[in-house]
Amino acid sequence: MGRGAQSLARVAVIVRAGAAPLWWPGLLVAVVGALVPAGTGRRIGLLAGAALFVVTLALVATVGVKRYAELAKGAARAGRTDVLQDRAVTLRNWRRAYRWWLLGAFLVALGAGFALPGAGGMVLAGAGAGLLLRAVRIGRLEQREDVLYWVRTDWVKRGRPAGKQVKAYRTTGPVAGDARAGGARRVAV
């Protein structure tokens, strides 16, 4: 990289990176929990799980949204020497950074299934769905502003694109990179 050049990762891709590793194991744990008998009974466990799913989805989708908007307002145009990180690299980096947390969450949710069948898995699935909704919101903001938001990779070592260490976003045109608005994979036509 040249002088003043930065490596940039897509904000929406970072947010979306945790959606699948939470959603699919959460559904698996919920199904396993529904099949295993527990002290509270399946009906109570699944009803509690459904309520926890909705609450978790709402919390994850809405908490911190103002910070994303603040950083987007102050976004500067990316320079010609800035390097845009591929979607696959961003996903791999986030998942490597959180692999032990994801495994721990899976095991806790699996263990919680013995108390409330399916509830732990529904919490994981709700967190994954909430992250997906948050990425979709960022994608709508990108479409409305006709830009893509990027963040310096050295500011998001732990995968938090709106954390305290993030001072500003950079922008590019809507066709830069290999991901669509919202962080989804761009499909070749």
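This write-up is about the structure you can find in this document.

Calculation notes
Residues numbered from 1 in each chain as written. Predicted model: local features only at pLDDT ≥ 70, side-chain atom pairs only at ≥ 80, totals over all residues. Heavy atoms only, no water. Pairing = 2+ DSSP bridges. Helix = DSSP H or I, 4+ residues; strand = E, 2+ residues; numbered from the N terminus. Phe/Tyr/Trp six-rings, centres within 6.5 Å; stacked < 30°, edge-to-face > 60°. Buried < 20%, exposed > 50% of the residue type's maximum accessible area, 1.4 Å probe, protein only. Lys NZ or Arg CZ within 6 Å of the ring centre and 35° of its normal. Axes fitted to C-alpha atoms, helices over the stretch in contact; angles between N-to-C directions. Contact = heavy atoms within 4.5 Å. Nonpolar A, V, L, I, M, F, W, Y, C, P; charged D, E, K, R; others polar. 1 Å grid on protein atoms, 1.4 Å probe; cavity = no way out; pocket = protein on both sides within 12 Å on 5 of 7 lines; lining within 4 Å. Points joined across faces, edges and corners; volume = space filled by probe spheres on them.

1. Quick look at the sheet that holds strand β4 (residues 148-152)
Here comes step 1: With mixed pairing, 5 strands are arranged side by side in an open sheet as β2-β5-β4-β1-β3. Looking along the sheet, the strands with just one partner apiece sit at the ends: β2 (76-77) and β3 (83-84).

2. Observations regarding the packing of aromatic side chains
Here comes step 1: The final tally for this structure, using the stated rule, is 4 aromatic pairs.
Here comes step 2: Ring centres of W94 and Y98 lie 4.6 Å apart, and the angle between their planes is 25°; this geometry places the pair in the stacked category. Pair check on accessibility: W94 and Y98 agree, each one buried.
Here comes step 3: Members of the aromatic cluster, each reached through a chain of ring pairs, are W23, W24 and F53.
Here comes step 4: Positioned over the ring face of W150 is R10, at 5.8 Å from the centre of the ring.
Here comes step 5: In this arrangement the basic side chain of K167 is found over the ring face of W155, its NZ or CZ atom lying 5.6 Å from the centre.

3. A short note on the packing of helix α6 (residues 99-112) against helix α7 (residues 119-145)
Here comes step 1: Remark: α6 packs on α7, axes separated minimally by 6 Å, with the N-to-C direction vectors making an angle of 145°. Two secondary-structure elements touch here, α6 through A105, F106, A109 and A112 and α7 through G120, G121 and L124.
Here comes step 2: Classifying every residue of the contact of α6 with α7 gives 5 nonpolar, 2 polar and no charged.

4. Thoughts on the layout of surface pockets
Here comes step 1: Roughly 560 Å³ of volume is contained in the largest pocket.
Here comes step 2: The wall of the largest pocket is formed by 20 residues, among which W94, Y98, L131, R134 and R160 lie closest to the centre.
Here comes step 3: Secondary structure elements with two or more residues in the lining of the largest pocket: α1 (11-16), α6 and α7.
Here comes step 4: In terms of residues, the lining of the largest pocket owes the most to one element, α7, which gives 5 residues.
Here comes step 5: Across the lining of the largest pocket, the residue classes break down as 16 nonpolar, 2 polar and 2 charged.
Here comes step 6: Empty space within the second largest pocket amounts to approximately 210 Å³.
Here comes step 7: A9, I14, Q85, T90, N93, W94, T153, D154, V156, K157 and G159 together form the lining of the second largest pocket.

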